[in-house]
Amino acid sequence: MLRGALRKAREAAIHGLLLICAAVSIVTTVAIIAVLLSESAGFFKQVSPLDFFLGTRWAPLLEPRSFGVLPLICGTFLVAGGALLVAVPAGLATAVFLSEYAPNWFRQVAKPVLEILAGIPTVVYGYFALVFVTPHVLKPLWPQTEIFNAASAAIVVGIMTLPTICSLCDDALRAVPRSLREAAYALSATKLEVSTRIVLPGALSGVVAAVLLALARAIGETMAVALAAGMTPKLTLNPLESIQTMTAYIVQVSMGDTPAGTLEYQTIFSVGSTLFAITLAVNLIAHRVLRRFREVYE
Amino acid sequence: MSAAPLHSRTPPPDVFRPRLALRRRLGAAFAAFCLLLTLGALGVLFVLLAQVLLAGWPWVSRKFIANMPSVLTPEQAGMKSAIYGTLWLAVLTGLFSVPVGLGAAIYLEEYAGRSRLARFIQFNIANLAGVPSIVYGMLGLAVFVRWLRCDRSVLSGALTMSLLVLPVIIIASREALAAVPSSIRQAAFALGATRWQTVRHHVLPAALPGMMTGIILALSRGIGETAPLILIGALSYVPFVPGGPLSDYPLTSTGLRQWLSTALFDQFTVMPIQIYDWVARPQPEFHHLAAAGIIVLLGVLLGMNATAVAIRAWQQRRRT
Amino acid sequence: MRKDRLGRRVGLAAMLCGLCGLPAASGQAPEKLSGRVKVDGSSTVAPIMMAAAEMFRAEQPRVDVAVGIAGTGGGFKKFLEERRELRTDINDASRAIKAPEMARAAQLGVEFIELPIAYDGIAIAVNASNSFCDSLTVAELKRIWEPDSPINNWKDVRLGFPDLRLKLYGPAPDNGTFDYFTEAVVGKEDASRSDYTASVDSNVRVQGVAGDPGGLGYFGFSYYEANRDRLKLLAIDNGDGKPIKPSLPAIRDGTYRPLSRPLFIYVNKEAAQRPEVRAFLQFLFANAPRIVENPKVGYAALPADLYRAIWSRLEQGVAGSAFADPNAAGRTLPELFSGQKK
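Calculation notes
Residues numbered from 1 in each chain as written. Chains lettered and ligands numbered in written order. Predicted model: local features only at pLDDT ≥ 70, side-chain atom pairs only at ≥ 80, totals over all residues. Helix = DSSP H or I, 4+ residues; strand = E, 2+ residues; numbered from the N terminus. Rg over C-alpha atoms; globule rule 2.2 N^0.38 Å. Expected span 1.5 Å × (residues − 1). Bend = angle between axes of the 7 residues up to and from the residue. Buried ≥ 20, exposed ≤ 12 C-beta atoms within 10 Å, placed from the backbone. Contact = placed C-beta atoms within 7 Å. Nonpolar A, V, L, I, M, F, W, Y, C, P; charged D, E, K, R; others polar. Domains from an automatic or database assignment. pLDDT = per-residue confidence, 0-100.

Q: Sorry if this is basic, but what is going on with the overall build of chain B here?
A: Along the backbone of chain B there are twelve helices and zero strands. Compactness check: chain B gives a C-alpha radius of gyration of 27 Å against a globular reference of 20 Å for 320 residues, more than 25% above the reference. Taking the principal axes of the C-alpha coordinates as reference, chain B spans close to 95 × 60 × 35 Å.

Encoded structure:
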């Protein structure tokens, strides 16, 4: 009897302990939101939200001051979009190749290499963009490329997120039941047709979710973009120009010269809150899509 | 739909054949295209490595690893304080993030089921994985350095990095746990084991190699970070290792305690920050030092990744 | 016994040196000190402090001096932390302390001692292939760099210049060099056009100018020195018709105007009383010319008597900033610091 009761108590205690571990993540999110919002509140008392969200000139540190965040958002999406343009076709094609075509030994070699690509520090990618991608890849093709430009940042961020897309798409492709493939082969479809007309549409939700998650990551990428894309906030769609993303701006000011407590310093938190909100929205969409994907096969 | 049986509607004999050859060729072309892209991705890695090796290899030496950084004599400069700082940070981050991460993963996968709370926590973790690292730095500064009074120390840095890598560890561990066949769990339950007994003695050992891979990958991400640590207060020129030379402390248990308490709260630097500092200098010798530093850092990361690969290979051998 | 005699001899030497107003040369502190000195702040000034720390370590190996590069503003944040234990002892600054920071210091009760430590010149450079431009006047620079400037081509800069696109490279806003340049050239701090290529890393700026035939950029003089063969230095005319090229002598004696700026360190008065901090500062000031003008550091030293006057500020604990006085703008360092013995 006692042993049963003791055991029950122990089980309950362990259950509680594990719950606390899981709750740490909630505490972290709450803390992040608290830190961001408390300082942003001070900022929005002095700058109207309309000016902030709809203004097209971002010059909080230059005279005359201007606090329109649209150039930063534009810069962020230019780089993130470009990164997806690089990562999605390459990642998807690599995933298809690895899961449908490649022999086992090739996959054993390719997967760790892709993981290494994901593990290289972002500063190294930033310098790679500055020292190799811009002078040796972009400038020969388009001589008017500036030394800092959105394209080189997009390329390296794409390479960074490629392993994520590749492994997530790989999982999605594998989740498609073998029976579907077999049926298609039985109807004399070639491997290409099976991959593109049967497997891929079946895994589409998973692929879309992977793309959205990679987008969230690309949006939040900090150092590589700060080094490669530059520090010139600009409302432009030309990837060969220098722009500034939200993350690069946060890095610039938090490691720079602004005294604490000033309005200029609080811009870090208002931009940070905007960034958090955007990443949250993208993740919400990805979550919904993933849920639909899960339901199809269960 | 016509009532005629299917087998009586044979298609003309030449419909498939020519298209078949074309389709096969298209298939081969597609395979080649995919292969090209894959190789392209791998090729980028090699180019990156080649660039760095060219610039920095001559400067990597035993001296480089054993010496303290030097501003006046770059030829004699080394990364000792940065290497020690990175090691301290890696070990401490592992100590904090692994138990909490494993606990959370076990809870979500084994205990929570599909309740609303569990789904909310899951979504939360996925969201945290996308938060830019510098926001974690701001959080760490406010919570660990100021509120919890840990000073600008290795401890604060490690706690901040733990928060950063926690989502990755949780997600990777959940995958490892989910991969364990449910038959193992069912068998344990059938024999009367409690949930914790099942997890502890059956599920966890089976999932451990996969978890180790995830942990190592998460830690290698934490090691490469710069911006949040600068915000926490990691410095650029640190001519000492955390805690100072070991010879300062007696070889007793009080000595050990003293060393730990001094080292944990000591100032520090890490390899990416040292590299970042060297790259910004005007004199070209520092750029070579930076390249050498990158080589050492990549060496450490490659070592960690190699361990992950070895563990995965060992795990697969055990399975088959 | 030996230590006693050595101590007495050193004490005598120190006394004699104290009489001439300079700390004892090569810092012969009688006993071996230990402790930590926390230095942080501007990444421009940091090489000076790192070099000093390294040299000092040879004398006092048990004193650990660690240097950070959180930026002048970031450094002041740490210098003026709420909690005393978190504060740094010395803040490196590439500009004088600003009013909000002074107010915070007053509010927290932190007394600081302002010590100029070196001169830095801001070099204006163009691409090495640029053969038509040898000098620019401050007025021309202002027209190029002021907010909403329409100048995008060299031919608009001065009559006679060729039709070549002007590509500008400068530091990102929120940087000591940027603040100083805009104040000295455009006339108002932070007033600058926004459509130039901004970068935090001076090396990248050098690369930009060196790779662009129409490039024009500004950065610290030490960055030019390390890249002489790729850049062409411009002489600057401060309005008197005599363009001066930046060089260590010109920066040192102030003839390179207005782009020579002083670099400062701010010392926490309370921390300065700790023996290891004091010994470090003593060493720094006794060896200042050697440290500041070391080729790996690359700044210009102040004249010797100015260093003496500044050291006496520390000795007497003169707190507060000389720039708090609104009349201080435009006066040179010797004017502000030599006449300040209380």
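There is more to say, and it comes next.
Q: What am I meant to see in helix α6 (residues 150-175) of chain A here?
A: Because each turn of an α-helix spans 3.6 residues, side chains separated by three or four positions in sequence point in the same direction. All names here are of chain A. Between its first and last C-alpha, α6 extends 36 Å over 26 residues, near the 38 Å set by a 1.5 Å rise per residue. Along α6, the helix axis deviates most sharply at Thr161, where the bend reaches about 40°; the proline Pro163 sits within four residues downstream. With 20 of 26 residues buried, α6 lies mostly within the body of the structure.

Q: Can you help me understand the interface of chain A and chain B in this one?
A: Many analyses report the size of an interface as the accessible area lost when the parts associate. Chain A puts 63 residues into the contact, and the matching count from chain B is 68 residues. Take the side of chain A that touches chain B: its biggest share by element is 17 residues, from helix α1 (residues 2-46) of chain A. Looking at the side of chain A that touches chain B, its residues break down into 40 nonpolar, 17 polar and six charged.

Q: Explain the domain arrangement of chain C to me, please; I cannot follow it from the model alone.
A: Residue and element names in this part refer to chain C. Looking at the assigned domains, one finds that chain C contains domain 1 (12-119 + 260-338) and domain 2 (120-252). Summarising the inter-unit geometry, the C-alpha centres of domain 1 and domain 2 are found 30 Å apart. The interface of domain 1 with domain 2 comprises 15 residues on the first partner and 13 residues on the second. For the side of domain 1 that touches domain 2, the elements supplying multiple residues, two or more each, are β4 (112-127) and β11 (260-268). At three residues, β11 tops the list of elements feeding residues into the side of domain 1 that touches domain 2. Of the residues contributing to the side of domain 1 that touches domain 2, the split by class is six nonpolar, six polar and three charged.

Q: Could you clarify how one ought to interpret the confidence of the model for chain C in this entry?
A: Residues shown with low pLDDT carry predicted positions that ought not to be read at fine detail. Residues and elements named next belong to chain C. Residues at a pLDDT of 70 or more form 89% of chain C, whose mean pLDDT is 83. Segment residues 1-27 is flagged for pLDDT under 50; beyond a separation of four residues in sequence, or across chains, it makes 28 contacts in the model. Reported confidences for the modelled complex are a pTM of 0.82 and an ipTM of 0.80.

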